[in-house]
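Residues per chain are reported as follows:
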Amino acid sequence: MMRPIRFVLFAVVLLAAASNAALAVERFPPPEFTDHALPTTQFAPARPAFIQYVDVALLAGGLALASYLALARRSRRGLFVLSIAALAWFGFVRHGCVCSIGAIQNVALAAGNANYTVPWVVVAFFVLPLVFTLFFGRTFCAAVCPLGAAQELVAVRPIRVPRWLEHALGLLPHVYLGLGVALAAVGTAFLICRYDPFVGFFRLGATSAMLIFGGCVLAIGVFVGRPYCRFLCPYGVVLGWLSRLSKWRVRITPDQCIGCRLCEDVCPYGAIEPPTSALSPAARPAVRGWFVFFLVLLPVLIAAGAVLGSHLAVPLSRLDPAVELAEQVWAEDHGLTHVTTDASDAFRNTQRPPEELYRAAQSQRVKLAWAGMGFGAWVGLVVGMKFIMLARYPRQTDYEPNPAACVSCGRCFWYCPQDQVHRLQTTKDTKNTKTAC
Amino acid sequence: MAEKSPTINRRKFVADGLRVAGAAGLFGAAGLLTMRRGGEPINNLWQIDPNKCVACGNCATHCVLDKSAAVCKHAFRMCGYCNLCTGYFEPEAAELTTGAENVLCPTGAIVRTFVEDPYYEYTIDEPKCIGCAKCVKGCIAFGNGSLYLQIDQDRCMHCNECAIAVACPSEAVRRVTAETPYLPKDGDPES
Amino acid sequence: MNQNTPQPESSAIACLAASATAWVAVVFVFVVCVLLVTDYARRQWDNPFDSSEFIALKQELADPSVGVARRDAIKMKLRVLDQNLRREFFQRQRLAHVGAHLLVMGVVVLVLAERAAATLRRRMPHPGPAVSPPGTQQRLAAAGVSRIAVSVAAIAFGVIAAFAAFGVGTNLPLAVDQLADQSTAPDQQRAIAARAGDGARQTTGVAPAPEPDFPTNEEIARNWPRFRGPRADGIAAYENLPTTWDAVSGKNIAWKTPVPLPGNNSPIVWGDRIFLSGADRQRREVYCFDAGSGRLLWTREVPSTPPSRSAVPKVEAATGFAAPTMTTDGRRAYAIFANGDVVAVDLAGQIVWSRGLGVPEENMYGYAASLAIYRDRLLIQWDEGTADDKLSKMIALDAATGKTVWQVPRPVTGSWASPIVVVHDDRPALVTAADPWVIAYDPADGHELWRAEGIMGDHGVTPVAAGGLVQVGNEYGEWLAIRLGGAGNVTETHIAWRGEDGLPDTVSPLASGGLLLLTTSSGVLTCYDALSGEMLWDHDFETQITSSPTAVGRLAYVFAKNGKSFVLEPSRDECKIIAENDLGESCVTSPAVQNGRIYIRTKKHLMAIGGSEDITKNE
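The rules we used
Residues numbered from 1 in each chain as written. Chains lettered and ligands numbered in written order. Predicted model: local features only at pLDDT ≥ 70, side-chain atom pairs only at ≥ 80, totals over all residues. Heavy atoms only, no water. Contact = heavy atoms within 4.5 Å. Buried area = accessible area lost by both parts, 1.4 Å probe. Salt bridge = Lys/Arg side-chain N within 4 Å of Asp/Glu carboxyl O. Polar contact = N/O pair within 3.5 Å; in protein donor to acceptor, adjacent residues only side chain to side chain. Helix = DSSP H or I, 4+ residues; strand = E, 2+ residues; numbered from the N terminus. Buried < 20%, exposed > 50% of the residue type's maximum accessible area, 1.4 Å probe, protein only. Pairing = 2+ DSSP bridges. Patch = residues over 30% accessible without salt bridge, like charges linked within 9 Å, V, L, I, M, F, W, Y side chains within 5 Å. Areas by Shrake-Rupley, 256 points an atom, 1.4 Å probe, with all protein chains shown as cover. Lys, Arg positive; Asp, Glu negative; His and termini not counted. Charge placed at Lys NZ, Arg CZ, Asp CG, Glu CD. pLDDT = per-residue confidence, 0-100.

A. Quick peek at the interface of chain B and chain A. Each partner contributes to the interface: chain B provides 78 residues, whereas chain A provides 69 residues. A buried area of about 6,000 Å², summed over both sides, lies between chain B and chain A, and 62% of it is on carbon and sulfur atoms. Area buried by chain B at its contact with chain A is led by R19, N160 and E161 of chain B, which between them contribute 11% of it. At the junction of chain B with chain A, the criterion picks out 2 salt bridges. The closest approach of N and O atoms between E161 of chain B and R194 of chain A, which form a salt bridge, is 2.9 Å. Applying the counting rule to chain B against chain A returns 12 residue pairs in polar contact (both at pLDDT 80 or more). Elements with a minimum of two residues in the side of chain B that touches chain A: helix 1 (4-35), strand 2 (70-74), strand 3 (110-116), strand 4 (119-124), helix 3 (134-142) and strand 5 (147-151) of chain B.

B. How the structure looks around the pairing of strand 29 (residues 564-570) of chain C. Residues and elements named next belong to chain C. Most of strand 29 sits out of view: 6 of its 7 residues are buried. When strand 28 (residues 555-559) meets strand 29, the two strands line up antiparallel, connected through 4 bridges. Across the sheet, the residue bridging to F559 is S565, located in strand 29. Here strand 28 folds back onto strand 29 in antiparallel fashion, the turn holding 4 residues, of which G563 has a positive phi close to 95°. Strand direction decides the pairing type here: strand 29 and strand 30 (residues 575-582), joined by 7 bridges, are antiparallel. In the strand pairing of strand 30, F566 is matched with E580.

C. Structural context of unusual backbone geometry. Here the bond from C97 of chain A into V98 of chain A is cis, since omega is 5°, no more than 30 degrees from zero. Mapped onto the elements of the fold, V98 of chain A is located in the loop between helix 3 (76-93) and helix 4 (100-112). In this structure, P436 of chain C follows D435 of chain C across a cis peptide bond, with omega equal to 5°. Along the chain, P436 of chain C falls in the loop between strand 15 (427-434) and strand 16 (437-441). In this structure, S408 of chain A is a non-glycine residue whose phi angle is positive, near 60°. Mapped onto the fold, S408 of chain A is located in the loop between strand 2 (400-401) and helix 21 (411-415). Despite not being glycine, D425 of chain C shows a phi value in the positive range, around 50°. Its location among the elements puts D425 of chain C in the loop between strand 14 (420-424) and strand 15.

D. Region of interest: a negative patch on the surface. On the surface, E500, D501, D538, D540 and E542 of chain C cluster together into a negatively charged patch. Looking at E500 of chain C, the relative accessible area reads 65%, which means it is exposed.

E. Layout of the confidence of the model for chain C. Residue and element names in this part refer to chain C. Counting all residues, the mean pLDDT for chain C is 84, and 89% of those residues have values of 70 or more. This model gives residues 181-210 a pLDDT under 50, and the stretch forms 44 contacts once residues within four places in sequence are excluded. Between residues 614-619, whose pLDDT stays under 50, and residues either more than four places distant or in other chains, the model counts 17 contacts. Two numbers describe this predicted complex: its pTM, 0.65, and its ipTM, 0.87.

F. Looking closely at the interface of chain A and chain C. Contacts between the two partners involve 77 residues from chain A and, on the opposite side, 75 residues from chain C. The contact between chain A and chain C buries some 6,600 Å² in all, and 66% of this surface belongs to carbon and sulfur atoms. Linking chain A with chain C are 0 salt bridges, by the criterion used here. At the boundary of chain A with chain C, the tally comes to 12 residue pairs in polar contact (both at pLDDT 80 or more). For the side of chain A that touches chain C, the element with the most residues is helix 20 (residues 354-390) of chain A, which contributes 11 residues.

So this is what it looks like as structure tokens:
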């Protein structure tokens, strides 16, 4: 038998007794040098802690400033400048992590796993925009969120998405939110982070799949305003609900609406609802019938969703590395595959019994069955509520932004003739005051 | 109008109260979450546990960064200073010279310097290191295991979900606290 | 357009310039994007460090037949190529970095230009004439369309979810309590049993025994349940054996029965039953003979079990397809074949369970390690490939169900020796040997008890334990006598002695009466003092021997490959030949000894040496 050179050379060196650590076998005792100092291993320092305080302070400041600019100053230009600043700081300087959208998952994980301690910065990023939205509407989306800002900048040739399509696609973020929370709560994956559209741009480099996805979102964003915010963003869903309840929010005109339709025309996000007339009395019984029907349908949809969702445990579990490893080890042990993976090899080296792994995988799958059931019920609830909302025909007299859809970008301010009149008045007043001085 | 206004005021008051309660609730929940210490400390930096690492090479290919955040570190106190370093040389190297045909590192990031007969010192030229773990594998297999991968906190972007951790076959990538950002193999981060 | 405010000329030019800039920026961004993506893809699929040229050159260099001049040329080439590849890698990386910056700059220019153009081009919006709010019919119709769209979306979600829920498969059983039952896929076993059974008699069932059911030490000692006997040391419990026989004339031969399929495995005996296995390229069979009469009681064909399917393993002719000796616990008999199929057959010949462990791909001579059994654990030493291949492992199956109880990787190269279980100080140790380690495991859970280094090369010698020592080695390295009772790496601490002369390459040692007998394939018998390692004498039989010797009282029985067999009385001083007999047929296997009889497998037959009266009833 031919012996490779290494054995011959190793034979020269006396083998020392093996130490306990599996990977740190002291086969060759370190020499004791007489006049040679051992170098020290150099480690780059961790990021300074103060940067987190800066982040949270800038977030709070940004939210306050955005709310002021949107509601008090009604300044589109101010919001624009602020959004560029947010894009620069939270995006390009801080590389897009942590963001409020991703923070949903950390909070979900903390709720689902008592062992996990969620960093306070993440909680702050999750809660601050919510609280601001509760009082001022979605000003976070207008000028603080770097993802929103990136899309805001490219929305130059927006077309109108038909209402029906908007309603149908509007379900997507809810589903995404449900899925993201379900997977994060059981600790399987942070799906929302995995498909972050712009983080690759913020870091000036990423896998081509990420770059292509981000590029597509931006390209679509030229023609369809804020596609990620409207049809994917899970945080936008939460902000939308809170915005409905907000104390103050963006109003198009400070005075009487004159029905000129300019604001509706200029809004790239289809967020402005036209006035509606009351339904004719003849139609009312049928409408009421539909309403009651959907009210009854709601629990049915929730139940159906829950049943279907509980069957999602297996497909969802395939996203879990631990379950995937258990599947692989099982397949190897039962002769279903010849090919081992790095993960199964590593597992074999730990000498842990496979049963332990199987049981862990199964308990994870049980958790995922519950999470899937919750997710299914949630989707059922969302669809049912959508139907109920569509069966309502509220009367509206003015052109008004839909509080859930309006991202407070402030484009309509400049276009509203009434607003212009108001501004002129204010400017004159200021001038008068100045001359008086 | 006069009759309506008390109702409106009351409603407004109730709504405001609810909003304040909601905000208080949100802050309260946030406070609880922040105060609550789970079983773990606040771990918000990613790091490789060298005792679990199997040197599979995924760090080089799965990091979201073009230049992986994982780099090779050398625990000098564990090193045997071998002439035939299996982290430095190809397994079947014909000669122990620094010629490309004998050297394992694809980027030439390991520097071999003579100390005294028969000992050689190996240092990592980190800017060149791509975290491929070839040397780590060789050192674990036949040497003392003094070469190991760590995530350079300077290079790391601190993603919320680390792509290397997802791809790691041995669950070696985990979150650590900012106080202990490195898991050095010989136990001395700074000294 | 008719509502455009009139623009001054300079403004129009500026607008045009801004527009043009925007378009240039669009093209620039697009080009950079395409370049980045293609560059990224190229780096993924065509990494400079995976250069095929580089690898080919390295392989050529590793070939020892390449001449010196050519080697020097390759070295120079490699060095130049390496430098170029490195340069290329870092250049590409730098390019990607610069590209990303260019992209962001391009986008910034694009946005600014587009903004400027939009501002300069800004015209009064033309929302059209004021419209009256939609009437009842319009509102109902719009709501209806939206409702349909939402329904379609909801149905789409449902369909996707249903596809995912019922389309994504899993191997792992769904419920926790199914884990134990499903460990060897009972459906599959039942199918095999049904195919194998003859209709009337069905499988004895696969339900795991609630209590471990295994024979007592006394039961084992009375029988010959595995390769080299109850303690795997070739020492017989009986002394009432003939010393002379002749198969040609039939003298002292109780019976002689042909064995259908070839196999280099040795007989095992339990009570009045003898088990053997045989196999060729296609078929694998287990045989049961009546010890008294030599009648073939039953033959059980073993169907191939996934994943082996119909794959034919690569074996050397000298090894064959059924080299490993079977084992039995008196409840079932177990066999393993060269294709990695393990089978448990009950005493009536029905398959209880069967498993495919995978076809050993990296086993150059063919799988040959015999099975070992300890209590209710069937122990399989599965060594193949090199240590780097990480293919070697020790597997313990539940004897009743075939379910894996534990499995541990082994840092060794392929081997052809069998594992033994040694009980020392009431603690069992499963001892294995392969290049480079002798490793002892706890048979209960597979954790390593101790290991000693020193085995080299292709190892086929089964260890033997005697007098508190485990002895093993082969002619490529040295002989190791390892004291039991150590922990961890005992290479430096527990080696009692090392030997160098007359080391075997295939034949397992015999340690009996304070002597250690080593036999080489060429027929040289070397005697050591088992405890001190002092070499006492050697004797050349001048004929090839691959059968392992057996001790009967103070005598030793040696069977040569040509069928000649010797009965010796070894002592510290000499090798006294008592008798020389003839089997009349080639013999490469080791005998099994049971009350008054020696059972030995020759090339074509199973023979019983001893009185013709039925002496198989033990009590």
